[in-house]
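# Structural characterization, general
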Amino acid sequence: MSNQELTVAEAARKRVSIRKYTEEPVSAAEILEILELAGKAPSAQNVQPWRVIAVTDHDLKQKLQAAAMNQPQVGSAAVVFVVTSDMVEALSLVADFIHPGVPAERREKDIVSIPASFEKMGPEARDAWGRGQTNIFLGYLLLVLASKGYGSSPMLGFDPPKVRELLGLADHVEIPALVAVGHPAADGFPQHRLPVQDIVKIL
């Protein structure tokens, strides 16, 4: 980790995917700080469906690597964040995630109406909604890591059922990404992006 944190703009311009890491560990305190900051991501109705399993155990990382198309950064990273979305657990905490500033009468209504609204959606739409919210968290996570000088590599190439089995996750739990994290041992490819004029229309 660098001694001087980058600004959001600096982190966005500097961040690249890193696939080789040193053996230097990431401490539990650092992991918790990273995830606490990433957890500031916005979430509709404040549901915050994201859950993260931080895998530091060597043997478990090797098993995750096998479940992730044998991508070597999974096994060599100091920690692998398994970023999940669990709408069932999230909605069970409705009384906790409603802002304490909400008036008591509205609060009591929200405790009933928020879970009811997701029940009407059905499990498939509910879980897709949670996955979308968790992807916002994922973006925050990658910027936080870059701002603190850590290398990272977000991955969508893995076998979700195998990852669920390894970690004992319920079938309804979505897994938007695995993120390898550590101290870079090699540079990633320099950023190459389309010009902003190619992706934006100002009307």
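Above this text sits the structure in question.
Residues numbered from 1 in each chain as written. Predicted model: local features only at pLDDT ≥ 70, side-chain atom pairs only at ≥ 80, totals over all residues. Heavy atoms only, no water.

## Structural notes on the pattern of salt bridges
Convention followed: Salt bridges are defined by distance alone: a side-chain nitrogen of Lys or Arg within 4 Å of a carboxyl oxygen of Asp or Glu. Secondary structure elements are taken from DSSP: a helix is a run of H or I of four residues or more, a strand is a run of E of two residues or more, and numbering for both begins at the N terminus. Throughout this description, buried means an accessible area under 20% of the type-specific maximum (1.4 Å probe, protein chains only), exposed means over 50%, and partly exposed covers the range between.
A complete count under the given rule lists eight salt bridges for this structure. Of the charged contacts in the structure, one is a salt bridge between Glu33 and Lys148, with a shortest N-O distance of 3.2 Å. Here Glu33, found in helix α2 (residues 28-38), pairs with Lys148, found in the loop between α8 (123-147) and β3 (151-155); they are 115 residues apart in sequence, far enough to count as distant. A salt bridge links Glu105 to Lys109; the nearest nitrogen and oxygen atoms lie 3.9 Å apart. In this pair, Glu105 and Lys109 are both assigned in helix α7 (residues 104-121), four residues apart and thus about one turn of the helix distant. Overall, Lys109 belongs to the exposed group, its relative accessible area being 54%.

## Looking at helix α9 (residues 160-167)
What counts, and what does not: In this description, one arc is meant: the one made by directions from the helix axis to the C-beta atoms. Only heavy atoms matter for contacts: two residues are in contact if any of them lie within 4.5 Å across the pair.
Here α9 has its buried residues at Val163, Arg164 and Leu167. When α9 is viewed along its axis, its buried side chains cluster within an angular range of 100 degrees and face the same direction. In this fold, the buried residues of α9 make contact with β1 (50-55), α3 (58-67), β2 (79-85) and β4 (174-182). Gly168 sits one or two positions beyond α9 and adopts a positive phi of about 65 degrees.

## Digging into the packing of aromatic side chains
This is how it is decided: For Phe, Tyr and Trp, rings pair up if their centres lie within 6.5 Å, where Trp contributes its six-membered ring, and each pair is then called stacked (planes under 30 degrees apart), edge-to-face (over 60) or tilted (otherwise).
Going through the model one piece at a time under the given rule, you end up with two aromatic pairs. Taken together, a centroid distance of 5.2 Å and an interplanar angle of 15 degrees make the contact between Trp50 and Phe137 stacked. Placement of Trp50 in strand β1 and of Phe137 in helix α8 is noted, with a sequence separation of 87 residues between them. For the pair Trp50 and Phe137, one class covers both residues: buried. An angle of 70 degrees between the planes, with centres 4.8 Å apart, marks the rings of Phe118 and Trp129 as edge-to-face. A residue pair is termed long-range when its members are at least 10 positions apart, and Phe118 in helix α7 and Trp129 in helix α8 qualify at 11 residues. Looking at Trp129, the relative accessible area reads 22%, which means it is partly exposed.

## Observations concerning unusual backbone geometry
Phi is positive for Gln45, close to 60 degrees, though the residue is something other than glycine. Checked against the element boundaries, Gln45 lands in the loop between α2 and β1. Backbone geometry places Gln48, a non-glycine residue, at a positive phi of 50 degrees. One can find Gln48 in the loop between α2 and β1.

## Some remarks on the packing of α2 against α8
To keep it simple, the criterion reads: Angular values range over 0 to 180 degrees, each being the angle between N-to-C directions of two axes fitted as lines to C-alpha atoms, with helices fitted over their stretch in contact. Orientation is classified from the angle alone, with under 35 degrees giving roughly parallel, over 145 giving roughly antiparallel, 65 to 115 giving roughly perpendicular, and any other angle giving oblique. Should the near helix be turned anticlockwise from the far one by less than a right angle, the crossing is termed left-handed; should it be turned clockwise, right-handed.
At a minimum axis separation of 8 Å, α2 and α8 run at an interaxial angle of 130 degrees. When the axes of α2 and α8 are compared, the pair comes out oblique. Where α2 crosses over α8, the two elements pack in a sense that is right-handed. Contact with α2, carried on its side by Ile34, Leu35, Leu37 and Ala38, involves Phe137, Tyr140, Leu141, Val144 and Leu145 of α8 and no other residues of that element.

Fair warning: the whole summary comes from geometry, so function is off the table for now.
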